[in-house]
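Understanding the architecture of this molecule
In case you want the letters, here they are:
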Amino acid sequence: MSAHVASPAALGSVPSDPVRALQHALYRAAKADPGRRFHALWDKVLRRDVLWRAWVMVRRNNGAPGIDKTTLAEVEEYGVARLLDELAVDLRDGRYRPLPARRVFIPKPAQPGEYRPLSIPAVRDRIVQAACKIVLEPIFEADFLPCSFGFRPKRSAHDALQVLIDESWQGRRWVVETDIANCFEAIPKDELMRAVEERVCDRSVLKLLRAILRSGVMQDGQVRRPVTGTPQGGVVSPLLANVYLHRVDRAWDVRRHGVLVRYADDAVVMCKSRQQAEAALERLRVLLAELGLEPKAAKTRIVHLQVGGDGFDFLGFHHRLVRSQGRVGAKGVTFLARWPAKKAMQHARDRIRELTERRRLLLSVEWVVDDVNRFLRGWAAYFRYGNSADQFDKISRYARMRLALFVAKRHRRSREFGWYVVAFASPNQLGLIDLTGTVAAPRPFRAWRVTPNAGGERRR
């Protein structure tokens with residue numbers, strides 16, 4: 001069976017994939033009747049092809065085991081079909097009980113000493129959550145508004161970033177930036193279920209969602225079942241968070257308070273004046289308070305975009321209004337530029353340093369270069385869509401410097417020897433990739449997915 005999961009929002013001919021066809025049907029039904037509450041979804045969650053697609057999604061993510069310590073490899077050895085049959089029987093007979101998720105804390109990039117809580121459900125629970133997501137997502141996608149971009153099919157962070165470019169070009173240069181404090185952990189579960197019930201009235205599905213939310217987390221051998229939160233790390237948690245925060249989106253008045261751009265719990269409002277920005281911030285506080293949430297004080301502020309003035313960070317990029325020099329005899333252009341933020345740059349340096357540190361000297365240079373290249377490709381694939389040429393050059397030089405030090409330490413020679421090997425003795429810098437010429441600068445009201453130097457455009 002194909003592992004491809006298509007967007008339920010895509011319209012067109014009915015696909016041959018039965019799971020995709022189901023999502024299309026649910027999306028069209030929800031879109032045609034905004035007030036409809038779906039009451040016959042349980043049989044769809046239990047469908048064998050839906051459960052199999054859920055397994056494909058879980059396997060593709062290649063996650064860690066939960067508290068039962070069952071790995072994906074052990075599931076495959078046990079038999080995927082056998083496990084899915086057992087899950088279907090348990091769900092149908094009402095015997096299914098989700099296990100508490102395993103709570104771990106992962107370090108925040110470029111923020112020493114700060115950690116983000118992550119909940120890891122067991123593999124079998126992740127499959128059930130993925131099946132719920134397959135069935136529920138197209139229903140709520142029919143309601144979600146264009147201002148929401150996080151964890152949605154056919155939408156990405158760069159789509160949200162393009163809105164900032166377009167709106168600043170139209171004169172919205174007062175920016176409200178904020179972050180919802182502890183969003184995933186603070187959402188009231190009862191209110192969340194009321195938001196779900198606006199569209200779903202199938203008692204079995206609602207009962208399953210309540211069981212997932214009440215399963216709790218295990219930390220240091222103790223199970224905690226807080227009354228709030230949809231633990232970050234669960235397969236269905238981002239969808240549930242979007243369902244709850246959709247109440248903010250639909251109550252937002254663009255004409256009065258500016259253009260809202262929300263990516264999960266990160267939000268930016270583009271306004272035309274300081275008065276509108278202050279009104280937008282106050283409106284955000286009121287709406288979030290009604291939901292039992294609040295903006296994070298340390299990350300909430302109003303910024304006036306002007307040449308030479310302050311900028312703001314959003315989705316890993318630093319945004320700032322700049323003026324191009326222009327060609328000879330022509331005026332420069334004022335536009336909103338973006339490049340990797342300081343935290344993103346520090347994260348890249350930290351990761352390159354980790355991959356080339358002394359404890360890896362027993363590995364071959366080719367192995368280390370492959371690891372560095374793998375990271376650089378992933379990092380650059382995201383940040384290349386911006387005005388990032390200078391930052392890419394800094395990271396490339398840093399990677400060459402760290403590789404030269406690695407070679408020098410491995411051969412117990414001087415730093416100059418390492419530089420000689422990387423820069424002169426090797427025709428291709430030992431295989432280290434070069435980020436030069438890979439940047440695609442965004443343009444107002446143009447698609448952000450472009451090829452550098454396309455149509456004769458000069459490289460940046």
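How each quantity is defined
- Residues numbered from 1 in each chain as written.
- Predicted model: local features only at pLDDT ≥ 70, side-chain atom pairs only at ≥ 80, totals over all residues.
- Heavy atoms only, no water.
- Salt bridge = Lys/Arg side-chain N within 4 Å of Asp/Glu carboxyl O.
- Helix = DSSP H or I, 4+ residues; strand = E, 2+ residues; numbered from the N terminus.
- Buried < 20%, exposed > 50% of the residue type's maximum accessible area, 1.4 Å probe, protein only.
- Pairing = 2+ DSSP bridges.
- Axes fitted to C-alpha atoms, helices over the stretch in contact; angles between N-to-C directions.
- Phe/Tyr/Trp six-rings, centres within 6.5 Å; stacked < 30°, edge-to-face > 60°.
- Lys NZ or Arg CZ within 6 Å of the ring centre and 35° of its normal.
- Parallel < 35°, antiparallel > 145°, perpendicular 65-115°, else oblique.
- Left-handed = near helix turned anticlockwise from the far one by under 90°.
- Contact = heavy atoms within 4.5 Å.
- Nonpolar A, V, L, I, M, F, W, Y, C, P; charged D, E, K, R; others polar.

**Observations regarding the pattern of salt bridges**
- Scanning the entire structure with this criterion turns up 30 salt bridges.
- For Asp-125, the salt bridge goes to Arg-124, with nearest N and O atoms at 3.7 Å.
- Notably, a salt bridge pairs Arg-301 with Glu-177, separated by 2.4 Å at the nearest N-O pair. Within this pair, whereas Arg-301 is found in strand β8 (residues 301-304), its partner Glu-177 is found in strand β3 (residues 174-179), the two being separated by 124 residues in sequence.
- Given a relative accessible area of 36%, Arg-301 falls into the partly exposed group.
- Here Glu-177 falls in the buried class, since its relative accessible area comes to 10%.
- Look at the salt bridges and you will find they share partners, linking Asp-90, Asp-93, Arg-95, Arg-124 and Asp-125 into a network.

**Re the sheet that holds strand β10 (residues 317-323)**
- Within the open sheet, the three strands sit side by side as β9-β10-β11. Their pairing is antiparallel. The sheet is open, and its two edges are formed by β9 (312-314) and β11 (334-340), each paired on a single side. Across the sheet, the axes of successive neighbouring strands diverge by a mean angle of 40°, strand direction being ignored.
- Sheet topology note: the β9/β10 ladder contains three bridges and is antiparallel. Bridging across to β10, Phe-312 finds its partner in His-319.

**A closer look at the packing of aromatic side chains**
- In this structure the tally under the stated criterion is eight aromatic pairs.
- The interplanar angle of 40° and the centroid separation of 5.4 Å between the aromatic rings of Phe-317 and Tyr-382 together place this pair among those described as tilted. Separated by 65 residues along the polypeptide, Phe-317 in strand β10 and Tyr-382 in helix α15 (residues 365-383) bring together distant segments of the chain.
- Taking 5.5 Å as the distance between ring centres and 40° as the angle between the ring planes, the aromatic pair formed by Trp-379 and Phe-392 counts as tilted. Of this pair, Trp-379 sits in helix α15 while Phe-392 sits in helix α16 (residues 389-410), and the two are 13 residues apart along the sequence.
- On the basis of relative accessibility, which here comes to 2%, the residue Phe-392 falls in the buried class.
- Ring-pair connections join several aromatic residues into one group, and the members of that group are Phe-317, Trp-379, Tyr-382, Phe-383 and Phe-392.
- One Lys or Arg, Arg-155, reaches over the ring of Phe-149 and ends 4.6 Å from the middle of that ring.

**Side note on the packing of helix α3 (residues 48-61) against helix α5 (residues 80-93)**
- Relative to each other, α3 and α5 sit at 125°, their axes nearing to 10 Å. As summarised for this structure, α3 and α5 are arranged oblique, according to the angle between their axes. As α3 runs across α5, the sense of the crossing is right-handed. The residues of α5 that touch α3, namely those facing Arg-48, Leu-51, Trp-52 and Trp-55, are Val-80, Ala-81, Leu-84, Asp-85 and Ala-88.
- Considering only residue class, the contact of α3 with α5 consists of seven nonpolar, no polar and two charged.

**Topic: the pairing of β3**
- In terms of residue burial, β3 counts as a mostly covered element, since six of its six residues are buried.
- Relative to strand β7 (residues 266-271), β3 is paired through six bridges, and the arrangement is antiparallel. By the bridge assignment for β7, Val-176 is matched with Val-269.
- Pairing between β3 and β8: four bridges, direction antiparallel. Bridge pairing links Glu-177 to Arg-301 in β8.

**Side note on the side chain of Ser-388**
- By the secondary structure assignment, Ser-388 is in the loop between α15 and α16.
- Note on Ser-388: relative accessible area 0%, which makes it buried.
- Each residue touching Ser-388, except ones within four places of it in the same chain, is listed here: Phe-317, Arg-338, Trp-339, Pro-340, Phe-383 and Val-439.

Remember, this is a structural readout, not a statement about activity or role.
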